[in-house]
Amino acid sequence: MREIRYREALREAMLEEMERDERVFLMGEEVGHYQGAYKVSEGLLSRFGEKRVIDTPIAEAGFAGIGVGAAMTGLRPVIEFMTWNFSFVAFDQILSNAAKVHQMSGGTVKCPIVFRGPNGAAKQVASQHSHSVDPFYTNVPGLFVAMPSTPRDAKGLLKTAIRDDNPVVFLEGETLYNVKGEVPDEGEDELIPFGKARVGREGDGCTIVAWGRPYYTALEAAEVLAKEHGLECEIVDPRTVRPLDVETMVESVKKTKRCVIVHEHWPHGGPGAEIVDQIQWNAFDWLDAPIARVAGLDVPMPYATNLEDLVLPTVDRIVDAVRQVAYL
């Protein structure tokens, strides 16, 4: 194992898959000569040339549609949105074409495409550029939705996504690109399957389900709870929110008897609500308290840093939620 940054893990995944399969190509705004808005595609243009690393105009609906068409004819495009907020311009291509063409063609046409880019709030990018878009895309049958929290998951899940014959929405935490973590040594072809959660911290006091940037906030909260109350929380990272690994979450809740869901997106609907429903249906007899959720507040994201910090899930809010379900 070796330690690299999240962005480097994503770059390695694309590089290895482009070398393995000549049908794989990358397309998006500033992915080539500028080497990516977040430098995820650094070095790929010089290695693979302009036919496989394609800079596009600011036209998300256009290049997303080109990617869908390329996938339908046998190529394996990776489409980068400079931020997932801009994917709304291309929503019809993702919803009406990529997600539905296999079903509408009677299974005769596949669409092996990956849509990827930074997701969620960064620092002071205001309400139009701070969406965590997982609620929108997990609602669409025909799409897989991956949200890796660690560099190892980012690399392993992206390699799986590129090889999959279905359209994949790949959401990278915008504030995670510099996070360091262990990944397998070069030459080790690790694929992480969709629908398989990871237990990031073991415990028996309360299950905390968290993904993306809130996963790290949950880890901090767990340390506070262990220090102040001797309560050891188990943290489950779904890794993909469509499909969901319900079994791992349910087994954790059976052990801890309590559950808190932590996510960045708004509280109404979305994968957070789906997880609550799945747990209460499959583990109701084991629960000793209602399931709690710590979500982004139900408001457009403010610009001011102090207000932005209040809107996003915080350590204090997670600690308070766990205290409530543990009756502390």
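See the structure above.
The rules behind each value
- Here the residue index of a chain counts from 1 through its sequence in written order.
- Totals for whole chains, interfaces and linings use every residue, but because this is a predicted model, local features are given only for residues with pLDDT of at least 70 and side-chain atom pairs only at 80 or more, for both listing and counting.
- Side-chain calculation: all heavy atoms of the structure are included, whereas hydrogens and water are not.
- We count a stretch as a helix when DSSP gives it H or I for four or more residues in a row; a strand needs E for two or more, and each element gets its number in order from the N terminus.
- When we talk radius of gyration, it's over C-alpha atoms, and the globule rule is simply 2.2 Å times the number of residues to the 0.38.
- Contacts between residues were defined by any pair of non-hydrogen atoms, one from each residue, lying within 4.5 Å.
- Accessibility throughout is a Shrake-Rupley quantity obtained with a 1.4 Å probe, and a residue counts as covered only by protein chains that appear here.
- Any pair of Phe, Tyr and Trp rings, taking the six-membered ring for Trp, is counted once the centres come within 6.5 Å. Such a pair is stacked with planes under 30 degrees apart, edge-to-face with planes over 60 apart, and tilted for the rest.
- When accessible area is computed with a 1.4 Å probe and restricted to protein chains, residues below 20% of their type maximum are described as buried, those above 50% as exposed, and intermediate ones as partly exposed.
- Here, axes are lines fitted to C-alpha atoms. For helices the fit covers the stretch in contact, and angles between N-to-C directions go from 0 to 180 degrees.
- Throughout this description, any angle smaller than 35 degrees is read as roughly parallel, any larger than 145 degrees as roughly antiparallel, any in the 65 to 115 degree range as roughly perpendicular, and the remainder as oblique.
- By convention the crossing between two helices is left-handed if the near helix lies anticlockwise of the far one by an angle smaller than a right angle, and right-handed if it lies clockwise.
- Pairing between strands is defined by DSSP: at least two bridges between them are needed.
- Classification used: nonpolar for Ala, Val, Leu, Ile, Met, Phe, Trp, Tyr, Cys and Pro, charged for Asp, Glu, Lys and Arg, polar for all others including Gly.
- When charges are tallied, Lys and Arg are placed among the positive residues and Asp and Glu among the negative ones, while His and the ends of the chain are skipped.
- By salt bridge we mean one thing: a side-chain nitrogen of Lys or Arg within 4 Å of a carboxyl oxygen of Asp or Glu.
- Here a polar contact means two N or O atoms within 3.5 Å. Within protein one must be a hydrogen donor candidate and the other an acceptor candidate, and residues neighboring in sequence count only if both atoms are side-chain atoms.
- A right-handed crossover is one whose linking path, passing over the helix from the first strand to the second, runs clockwise when the strands point away from the viewer.

Caption draft 1: Spatial organisation of the overall build of the protein chain. Counting its secondary structure elements, the protein chain contains 12 helices and 14 strands. Taking 20 Å as the expected radius of gyration for a compact globule of 328 residues, we find that the protein chain reaches 20 Å, a close match to that expectation. In the protein chain, the proportion of contacts linking residues at least 24 apart, taken out of those at least 6 apart, comes to 80%. In the form shown here, the protein chain has an accessible surface area of approximately 13900 Å², with 52% of it arising from carbon and sulfur atoms.

Caption draft 2: Inspection of the packing of aromatic side chains at higher detail. What the rule picks out here adds up to 10 aromatic pairs. Note on Phe81 and Phe115: the rings are 6.0 Å apart at their centroids and 10° apart in plane angle, and the pair reads as stacked. Separated by 34 residues along the polypeptide, Phe81 in the loop between β4 (76–80) and α4 (91–98) and Phe115 in strand β5 (residues 114–119) bring together distant segments of the chain. Note on accessibility: Phe81 and Phe115 belong to one class, buried. Ring centres of Trp84 and Tyr137 lie 5.3 Å apart, and the angle between their planes is 65°; on these two criteria the pair is classed as edge-to-face.

Caption draft 3: Focus on the packing of helix α8 (residues 213–229) against helix α12 (residues 315–325). Across the interface, α8 lies against α12 with an axial gap of 9 Å and an inter-helix angle of 55°. It follows that α8 is oblique to α12 by the angle criterion. The crossing of α8 and α12 is right-handed. Counted together, Thr217, Ala218, Glu220, Ala221, Val224, Leu225, Glu228 and His229 of α8 and Val315, Ile318, Val319, Val322 and Arg323 of α12 form the full contact between these two elements.

Caption draft 4: Region of interest: the sheet that holds strand β12 (residues 240–242). If you walk across this open sheet you meet the seven strands as β3-β2-β4-β5-β7-β6-β12, and the pairing is mixed. Only two strands of the sheet have a single neighbouring strand rather than two, namely β3 (53–55) and β12. This sheet shows a mean twist of 20° between the axes of neighbouring strands, independent of strand direction. As paired strands, strand β2 (residues 24–28) and β3 are joined by three bridges and run parallel to one another.

Caption draft 5: Molecular detail of the packing of helix α9 (residues 246–256) against helix α10 (residues 270–282). Contact pair α9 / α10: the axes reach a minimum separation of 10 Å and the direction vectors enclose 60°. In this view, α9 runs oblique relative to α10, as classed from their interaxial angle. Where α9 crosses over α10, the handedness of that crossing is right-handed. In contact with Val246, Met249, Val250, Val253 and Lys254 of α9, α10 contributes Ile275, Gln278, Ile279 and Asn282. Grouping the amino acids of the contact of α9 with α10 by side-chain chemistry returns six nonpolar, two polar and one charged.

Caption draft 6: Summary view of the sheet that holds strand β13 (residues 259–262). Taken in spatial order, the five strands line up as β9-β11-β10-β13-β14 in an open sheet, and their pairing is mixed. Of all strands in the sheet, those with a lone pairing partner are β9 (198–201) and β14 (292–294), marking the two edges. Across the sheet, the mean angle separating the axes of adjacent strands is 25° when strand polarity is ignored. As defined by bridge partners, strand β10 (residues 206–210) adjoins strand β11 (residues 233–237) across four bridges and the pair is classed as parallel. Directly across from Cys206, in β11, lies its bridge partner Cys233. The strands touched by α8 are β9, β10, β11 and β13; relative to β11, the strand with the most contacts, the crossing angle is about 175°. In this fold α9 packs onto β9, β10, β11 and β13, with an angle of close to 175° to the strand it touches most, β11.

Caption draft 7: Layout of the side chain of Arg258. With respect to the helices, strands and loops of the structure, Arg258 is situated in the loop between α9 and β13. No salt bridge is formed by the buried Arg258; the nearest opposite charge belongs to Asp288, separated by 4.4 Å. Reaching out from Arg258, the side chain makes a polar contact with the backbone oxygen of Val325 at a distance of 2.8 Å. Beyond its immediate stretch of four places on either side in the chain, Arg258 contacts Gly205, Cys206, Thr207, Val253, Leu287, Asp288, Val325, Ala326 and Tyr327.

Caption draft 8: Here's a closer look at the pairing of β13. Residues Cys259 and Ile261 of β13 are buried on one face, and the alternating residues Val260 and Val262, pointing to the opposite face, are buried as well. Bridging between β10 and β13 involves four bridges; their strand directions are parallel. Looking at the pairing, Ala210 lines up with Val262 of β13. Bridge analysis of β13 against β14 gives three bridges, and the strand direction is parallel. Residue pairing in the sheet places Ile261 in a bridge with Arg293 of β14. Crossover connection from β13 via α10 to parallel β14: handedness right-handed.

Caption draft 9: Local environment of the side chain of Asn119. As for its position among the elements, Asn119 is in strand β5. A polar contact of 3.3 Å, which involves the side chain of Asn119, links it to the side chain of Ser132. Apart from the residues within four sequence positions on either side, Asn119 is in contact with Trp84, His131, Ser132, Val133, Asp134, Met147, Leu171, Glu172, Gly173 and Glu174.

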